[in-house]
Amino acid sequence: MKFPSATSSGRGGCDCLPRPEPAAPESSTDARAPIAFLLRYRDAWFGMEKRVTFEAEDVAAALAMMEREPTGEWAELSSGGEVICRRGREPSGAADYWVVD
């Protein structure tokens with residue numbers, strides 16, 4: 001059995017326990033900065049235009065986040081001043097869909 005002994009740095013150490021590996025620095029490709037999005041829509045409950053600004057990793061994540069918003073007759077998602085997609089509806093009342101511009 002080994003006992004902790006002082007190291008050259010003056011701090012106690014133990015040769016009997018595994019030392020944690022230093023964490024590798026995150027590469028720039030793994031750490032993506034969030035993208036700012038703007039969702040404009042007609043609120044289904046109040047009938048007035050609403051604007052929601054939020055951040056997400058990508059468009060797919062933004063669409064997933066918007067799922068809970070009570071979008072009414074129309075909606076559009078934009079980023080950096082450019083419209084990315086608009087909400088569409090079938091006249092027959094079928095399910096909603098998003099049209100990518």
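The structure this text deals with has already been given above.
Computed from a predicted model, the values in this text were never measured in an experiment.

Caption draft 1: Representation of the pairing of strand β4 (residues 49-56) within the structure. Across eight bridges, the pairing between strand β3 (residues 35-43) and β4 is antiparallel. Looking across to β4, one finds that Tyr41 is bridged to Lys50. Taken together, β3 and the strand that follows it, β4, pair antiparallel across an intervening segment of five residues, in which Gly47 is found at a positive phi of about 75 degrees.

Caption draft 2: Region of interest: the nonpolar core. Counting 12 residues, the largest nonpolar core is built from Phe37, Leu39, Tyr41, Val52, Phe54, Ala56, Ala62, Met66, Ala75, Leu77, Ile84 and Cys85. Listed by contribution, the elements that provide at least two residues to this core are β3, β4, α1 (59-66), β5 (71-79) and β6 (82-88). With residues up to four places along the chain from it excluded, the contact list for Phe37 reads Val52, Thr53, Phe54, Ala56, Asp58, Val59, Ala62, Leu77, Ser78, Ser79 and Ile84.

Caption draft 3: Main features of the packing of aromatic side chains. The full count for this structure, using the stated rule, is one aromatic pair. Taking the centre distance of 5.8 Å and the plane angle of 25 degrees together, the rings of Phe37 and Phe54 count as stacked. One end of the pair, Phe37, is in strand β3; the other, Phe54, is in strand β4, with 17 residues separating them in the sequence. Grouping residues by exposure puts Phe37 and Phe54 together as buried.

Caption draft 4: Just the pattern of salt bridges, in detail. Using the criterion set out here, one finds five salt bridges in the structure. With a closest N to O distance of 3.0 Å, Arg40 and Glu49 form a salt bridge.

Caption draft 5: Inspection of the side chain of Arg87 at higher detail. Take Arg87: it is sitting in strand β6. Contacts of Arg87, omitting those with residues within four sequence positions, involve Thr71, Gly72, Ala75, Asp96, Tyr97 and Trp98.

Caption draft 6: View of a nonpolar patch on the surface. Side chains of Trp45, Phe46 and Met48 sit close together on the surface and give an oily, nonpolar patch of about 470 Å² of accessible area. Relative to the helices and strands, Met48 resides in the loop between β3 and β4.

How each quantity is defined
Residues numbered from 1 in each chain as written. Predicted model: local features only at pLDDT ≥ 70, side-chain atom pairs only at ≥ 80, totals over all residues. Heavy atoms only, no water. Pairing = 2+ DSSP bridges. Helix = DSSP H or I, 4+ residues; strand = E, 2+ residues; numbered from the N terminus. Core = buried A, V, L, I, M, F, W, Y, C linked by side-chain atoms within 4.5 Å. Buried < 20%, exposed > 50% of the residue type's maximum accessible area, 1.4 Å probe, protein only. Contact = heavy atoms within 4.5 Å. Phe/Tyr/Trp six-rings, centres within 6.5 Å; stacked < 30°, edge-to-face > 60°. Salt bridge = Lys/Arg side-chain N within 4 Å of Asp/Glu carboxyl O. Patch = residues over 30% accessible without salt bridge, like charges linked within 9 Å, V, L, I, M, F, W, Y side chains within 5 Å. Areas by Shrake-Rupley, 256 points an atom, 1.4 Å probe, with all protein chains shown as cover.

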